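# Summary of structural features
The primary structure of each chain is shown beneath.
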Amino acid sequence: MRRFWFKLWLSWAVRLSIESLLYAFILAFLLCSAIYFSKGMPPLQKEFLFALGTIFQFSFMIFWSITLLVSLFRGLKYLFNRCYEGYALKLLTCKGDEVIETIGYGDLTPLFRKWMMSMILSLLTLMILSFIVSYFLLSFYNWYNIYVMYIFILISGGITLPLMGHRCKGVKLYVC
């Protein structure tokens, strides 16, 4: 059973990482390209390339935050009806009597709200514990950035995916 949850989490984490980073890269590149074209396509000198690089880095972090939320919602759809280690998560109808074979994004909205709240609580707990450890034991606390937050999101996903399978009545674990 642990191998099932690990493989489910790993596939979710890889999909989340690739999708959110790729979309953020594309959006930041499009923004830099739009700025470059709006300035009349000046020659690419060091100063201009440095400015575009700075804009790219800044906008990448902002776009990554946005695409991460979108990828969290979209990635939830791909957790279901996939067989790992002989088990599969199935999403049930609202009445809880029938398995949904073709899952739409509208079917995921109530589940996503519950799962997101458990992710937020898990993230909060991880952040408080890491702050306490880093402040009192390691004597520093200026480590927080978007990359650390992303690691916390991946860890809390590993914590909340099994909880979602056990606590949500619309999600059941089946042998496949």
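Given the structure is predicted, the values throughout are model-derived calculations rather than measurements. (Residues numbered from 1 in each chain as written. Predicted model: local features only at pLDDT ≥ 70, side-chain atom pairs only at ≥ 80, totals over all residues. Heavy atoms only, no water.)

## Considering the overall build of the protein
Scanning the protein for helices and strands turns up four helices and two strands. Ordering the α and β elements of the protein from the N terminus gives α-α-β-α-α-β. For the protein, the C-alpha radius of gyration of 20 Å lies well beyond 16 Å, the compact-globule estimate for 176 residues. Along the longest, intermediate and shortest principal axes, the C-alpha atoms of the protein span 65 × 45 × 25 Å. Across the 176 residues in the protein, those meeting the buried criterion constitute 34%. Long-range pairs, those at least 24 residues apart, make up 77% of the contacts in the protein between residues at least 6 apart in sequence. Accessible area of the protein: about 11200 Å², with a carbon and sulfur share of 70%. Averaged over its 16 positive side-chain charges, the protein has a centre that lies 5 Å from the centre of its 7 negative ones. (Helix = DSSP H or I, 4+ residues; strand = E, 2+ residues; numbered from the N terminus. Rg over C-alpha atoms; globule rule 2.2 N^0.38 Å. Buried < 20%, exposed > 50% of the residue type's maximum accessible area, 1.4 Å probe, protein only. Contact = heavy atoms within 4.5 Å. Areas by Shrake-Rupley, 256 points an atom, 1.4 Å probe, with all protein chains shown as cover. Lys, Arg positive; Asp, Glu negative; His and termini not counted. Charge placed at Lys NZ, Arg CZ, Asp CG, Glu CD.)

## With respect to the environment of Ile120
Within the fold, Ile120 resides in helix H3 (residues 105-137). Along the backbone, Ile120 and Thr160 are 40 residues apart, and their C-alpha atoms lie at a distance of 9.8 Å.

## Here's the deal with the pattern of salt bridges
Summed over all chains, the structure comprises four salt bridges. Arg3 is paired through a salt bridge with Glu85; the nearest N and O atoms lie 3.4 Å apart. With Arg3 in helix H1 (residues 2-38) and Glu85 in the loop between helix H2 (46-76) and strand S1 (87-91), the pair connects residues that are 82 residues apart, well separated along the chain. For Arg3, a relative accessible area of 54% gives the class exposed. For Glu85, a relative accessible area of 35% translates into the label partly exposed. A salt bridge links Glu85 to Lys7, with the nearest nitrogen and oxygen atoms 2.5 Å apart. Of this pair, Glu85 sits in the loop between H2 and S1 while Lys7 sits in helix H1, placing them 78 residues apart in sequence. Among the residues examined, Lys7 registers a relative accessible area of 34% and is labelled partly exposed. Each of Arg3, Lys7 and Glu85 takes part in salt bridges that share partners, so that together they form one network. (Salt bridge = Lys/Arg side-chain N within 4 Å of Asp/Glu carboxyl O.)

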